[in-house]
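As a plain string of letters, each chain reads:
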Amino acid sequence: MSQSQISGSQALMRAFLAEGVETIFGYPGGAIMPVYDALYDFHDKMRHILVRHEQGAVHAAQGYSRVTGKTGVVIATSGPGATNVITGVADAMIDSTPMVVVCGQVVASLLATDAFQETDVVGITQPITKWSYQIRSAAEIPWAVARAFYIAREGRPGPVVLDLTKNAQIELMNFHYEPCTFIRSFIPTPPIDEQVVSDAAALINQAKKPFALVGQGVILGNAENELLAMLEKAQIPAAWTLLGLSAMPTDHPLNKGMLGMHGNYGCNIKTNECDVLIAIGMRFDDRVTSKLATYAKQAKIIHFDIDIAEINKNVKADVAVLGNSKETIAAVTKQLQPARHDEWISSFDSYAKIEYDEVIKEEIDPSTPDIKMGEVISKVSEATGHKAICVTDVGQNQMMGARYFRFSQTRSMVTSGGLGTMGFGLPAAIGAKIGAPHRTVCLFCGDGGIQMTIQELGTILQENIGVKIIVLNNHFLGMVRQWQEMFFDERYSFTNMKNPDFVAVAKAYGINGKCVSTHEELDHAIAEMVSNDDAYLLEVRIEPKGMVLPMVPAGADITDVRLK
Ligand SMILES: Cc1ncc(C[n+]2csc(CCOP(=O)(O)OP(=O)(O)O)c2C)c(N)n1
């Protein structure tokens, strides 16, 4: 380590390099200019993506992190730059995405004077970060950055914000970097309790009707193989939360589909029929459980999680297996006896058939001239050999993406789960493509959501990022319209959209595209879209009043599945 003096900004760059940072998403401004000046000298070592809005930087970092498993890095200026990252930081917090966000701040001597572009960033971000810290001197930078990456990454991941005063960026300091490996009283990964492992295995060994509910914790713990080994050894059918999607291939015989409000019929019904419910790296979100008072009351509950705060939060666990999913799943599997539950597993089939006949068949292969969302998504998935990364925005497009895209490899679903942030999709797709440049990245978004961050087409133009943007244009804020139809007497209050010519907008940014409104045009355009690795915007005029079904109404029993 060099002992010669360098500026705080250079120290930040060297700390990033020490943490293995390869990509930074950011946007400059007055209070972060010394950092950008240092970045000028490091641009051949780290790629900086200049976004068009700081919210885009955070969502792009999320997309990057989701597909790579690495910690996303964002730089923004103080004041409005910092407040523009807030939505993304909150999104990363609720979806457990590791991220380090560095915001500029006014010089320390001006703090609390309402100086130009001063905001209380630590105050704003404390409830939505794992750690939020103001750095007031250059000497603190290596320590704070090391700690930031450690906290963001370890245990249940999440965002960290560093509020970096301008004087700290300029001051000289002796650089010495030591990665953080321990913080007193912070136990990111609880040690495995062997007794609990035995208790969990005993419950599963006795089960006649075991059912696994799989969440993102499996992906975050890189435990996909361990999960598969467990499910196969004891022949346990499994279903997925929105963020757990893609942890196991869609066509695996034990994969029974998605849980929750727009999940698969059988998965929701069987939740209240299983005798042992094995929740792995999921947090019993209300979109998954619906009414807690009637949720899986007949079952013994085993809850695997790395975060003790999730245990008994919504659903009381009979056995709580704390620890890293890779290790806990493997430990329990070792004590499992090989088993078969053929009748139980095939009992999902009749529900799958009803759902197929009443919902899926018409959705993916419509008998009417109108294009349907499910049709578009299943055709795009097919055209990519089910190997692409599916990024969604929020709304009907999100639920349809989750239902109809098929997955053959992990880390292939990127979506805003807990926060449900419209505008997430386009920048997240950019980050996903940067993280996985050799994979096809398909974004499905609504005509509403794309307009929340549409300026990121400029980032695609500047960085030449080959994302496939599929705008499912129903001229409505579709999901809200669906609720108005079902629960508000069809009073369509401010949900219809008069839209721009999306293809012309894309063209203005140098992106090729097409607008289609028939099934045949759709087929041709999809083939053209996937024929090369360039960016492409496909606007699909779909039926205006499509519905995402099945649906469990908010707050109803999880078995109250509406097929129409
Ligand atoms: C930032 C933000 N504002 C509002 C909402 C509420 N909301 C959820 S879905 C939705 C409609 C989305 O419409 P569109 O983007 O056209 O997609 P569609 O549902 O038609 O697929 C709205 C307004 C939200 N989730 N996020």
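Residues numbered from 1 in each chain as written. Predicted model: local features only at pLDDT ≥ 70, side-chain atom pairs only at ≥ 80, totals over all residues. Heavy atoms only, no water.

## Thoughts on the domain arrangement of the protein chain
Domain boundaries assigned for the protein chain yield domain 1 (6-173), domain 2 (194-347) and domain 3 (369-541). Taking only C-alpha atoms, the centre of domain 1 and the centre of domain 2 are 36 Å apart. If you look at the interface, domain 1 gives seven residues, while domain 2 gives seven residues. Both faces considered, domain 1 and domain 2 share a buried interface measuring about 620 Å² in area, 55% of it formed by carbon and sulfur atoms. Connecting domain 1 to domain 2 are two salt bridges. With its nearest N and O atoms 2.7 Å apart, the salt bridge here joins Glu310 to Arg156. Connecting domain 1 to domain 2 are three residue pairs in polar contact (both at pLDDT 80 or more). Considering only residue class, the side of domain 1 that touches domain 2 consists of two nonpolar, two polar and three charged. (Domains from an automatic or database assignment. Contact = heavy atoms within 4.5 Å. Buried area = accessible area lost by both parts, 1.4 Å probe. Salt bridge = Lys/Arg side-chain N within 4 Å of Asp/Glu carboxyl O. Polar contact = N/O pair within 3.5 Å; in protein donor to acceptor, adjacent residues only side chain to side chain. Nonpolar A, V, L, I, M, F, W, Y, C, P; charged D, E, K, R; others polar.)

## A few points about empty space enclosed by the protein
Going through the model one piece at a time under the given rule, you end up with two cavities of 30 Å³ or more. Empty space within the largest cavity amounts to approximately 80 Å³. Together, Arg66, Gln216, Ile219, Leu220, Leu242, Leu243, Arg411, Ser412 and Met413 line the largest cavity. Residue contributions to the lining of the largest cavity peak at three residues, all from helix H10 (residues 216-220). For the lining of the largest cavity, the class distribution of residues is five nonpolar, two polar and two charged. The residues that make up the lining of the largest cavity include at least three from each of domain 2 (194-347) and domain 3 (369-541). (1 Å grid on protein atoms, 1.4 Å probe; cavity = no way out; pocket = protein on both sides within 12 Å on 5 of 7 lines; lining within 4 Å. Points joined across faces, edges and corners; volume = space filled by probe spheres on them. Helix = DSSP H or I, 4+ residues; strand = E, 2+ residues; numbered from the N terminus.)

## Concerning the packing of aromatic side chains
Scanning the model with the defined rule gives 15 aromatic pairs in all. Each member of the aromatic cluster is reached from another via a ring pair, and the members are Trp131, Tyr133 and Trp143. Lying across the ring of Trp131, Arg147 places its NZ or CZ 5.4 Å from the centre. Residue placement shows Lys270 over the ring face of Phe348; its charged tip is 5.9 Å from the ring centre. (Phe/Tyr/Trp six-rings, centres within 6.5 Å; stacked < 30°, edge-to-face > 60°. Lys NZ or Arg CZ within 6 Å of the ring centre and 35° of its normal.)

## Topic: the site of the ligand
Neighbouring residues of the ligand: 18 residues in total, closest Gln396, Asn397, Gly420, Gly449 and Gly478. Between the ligand and the protein, one listed contact pairs an oxygen atom with a backbone N or O atom of Gln396 at 2.8 Å. Residue Asn397 places a side-chain N or O atom 2.9 Å away from an oxygen atom belonging to the ligand. For the ligand, the accessible surface in isolation is 590 Å², of which the surrounding protein chains cover 76%. Looking at the shell around the ligand, the elements with two or more residues in it are helix H18 (396-404) and helix H21 (478-487). Broken down by element, the shell around the ligand gets its largest block of residues, three residues, from H21. Here the residues of the shell around the ligand sort into eight nonpolar, nine polar and one charged. (Near = heavy atom within 4 Å. Areas by Shrake-Rupley, 256 points an atom, 1.4 Å probe, with all protein chains shown as cover.)

## Considerations on the layout of surface pockets
When its volume is computed, the second largest pocket comes out at roughly 700 Å³. Taken together, 30 residues form the lining of the second largest pocket, with Thr250, Asn264, Ile360, Arg403 and Arg406 sitting closest to its centre. Those elements that place two or more of their residues in the lining of the second largest pocket are strand E11 (255-258), helix H12 (265-271), helix H16 (349-364) and H18. Top contributing element to the lining of the second largest pocket by residue count: H16, with seven residues.

## Here we look at the pairing of strand E12 (residues 276-280)
Sheet faces and side chains relate simply in a regular strand, where the side chains alternate between the two faces. Most of E12 sits inside the fold, with five of its five residues counted as buried. Of the two faces of E12, both are covered, the one formed by Val276, Ile278 and Ile280 as well as the one formed by Leu277 and Ala279. With five bridges joining them, strand E9 (residues 210-214) and E12 adopt parallel strand pairing. In the sheet register, Phe211 faces E12, and the bridge partner there is Leu277. By the bridge criterion, five bridges tie E12 to strand E13 (residues 300-305) in an arrangement that is parallel. Bridged to Ile280 within E13 is Phe304. (Buried < 20%, exposed > 50% of the residue type's maximum accessible area, 1.4 Å probe, protein only. Pairing = 2+ DSSP bridges.)

## Details of unusual backbone geometry
Cis geometry marks the peptide bond from Leu549 to Pro550; its omega dihedral reads -5 degrees. As for its position among the elements, Pro550 is in the segment after strand E20 (536-541). The phi dihedral of Ser246 falls on the positive side, at around 85 degrees, and the residue is not glycine. Turning to its location among the elements, Ser246 is positioned in the loop between strand E10 (238-240) and E11. For Ser246, a relative accessible area of 4% translates into the label buried.

## Remarks on the state of the cysteines
Overall, the coordinates contain zero disulfides when judged by the stated rule. Its sulfur unpaired, Cys267 is 11 Å from the next cysteine sulfur, which belongs to Cys274. Summary of cysteine pairing: Cys515 is not part of a disulfide, and the nearest cysteine sulfur, belonging to Cys445, is at 13 Å. Using a relative accessible area of 33% as the deciding quantity, one classes Cys515 as partly exposed. (Disulfide = S-S within 2.5 Å.)

## With respect to the sheet that holds strand E16 (residues 413-414)
Sheet architecture is open: six strands sit in the order E16-E15-E17-E18-E20-E19, paired in parallel fashion. Across the chains shown, the open sheet's two edge strands, defined by having one partner strand only, are E16 and strand E19 (512-516). For strand E15 (residues 389-392) and strand E17 (residues 441-446), the ladder comprises four bridges, and the chain directions are parallel. When the bridges of E17 are listed, Thr392 appears paired with Phe444. Lying over the sheet, helix H17 (residues 373-383) contacts E17, strand E18 (468-473) and E20, oriented at roughly 165 degrees with respect to E18. (Axes fitted to C-alpha atoms, helices over the stretch in contact; angles between N-to-C directions.)

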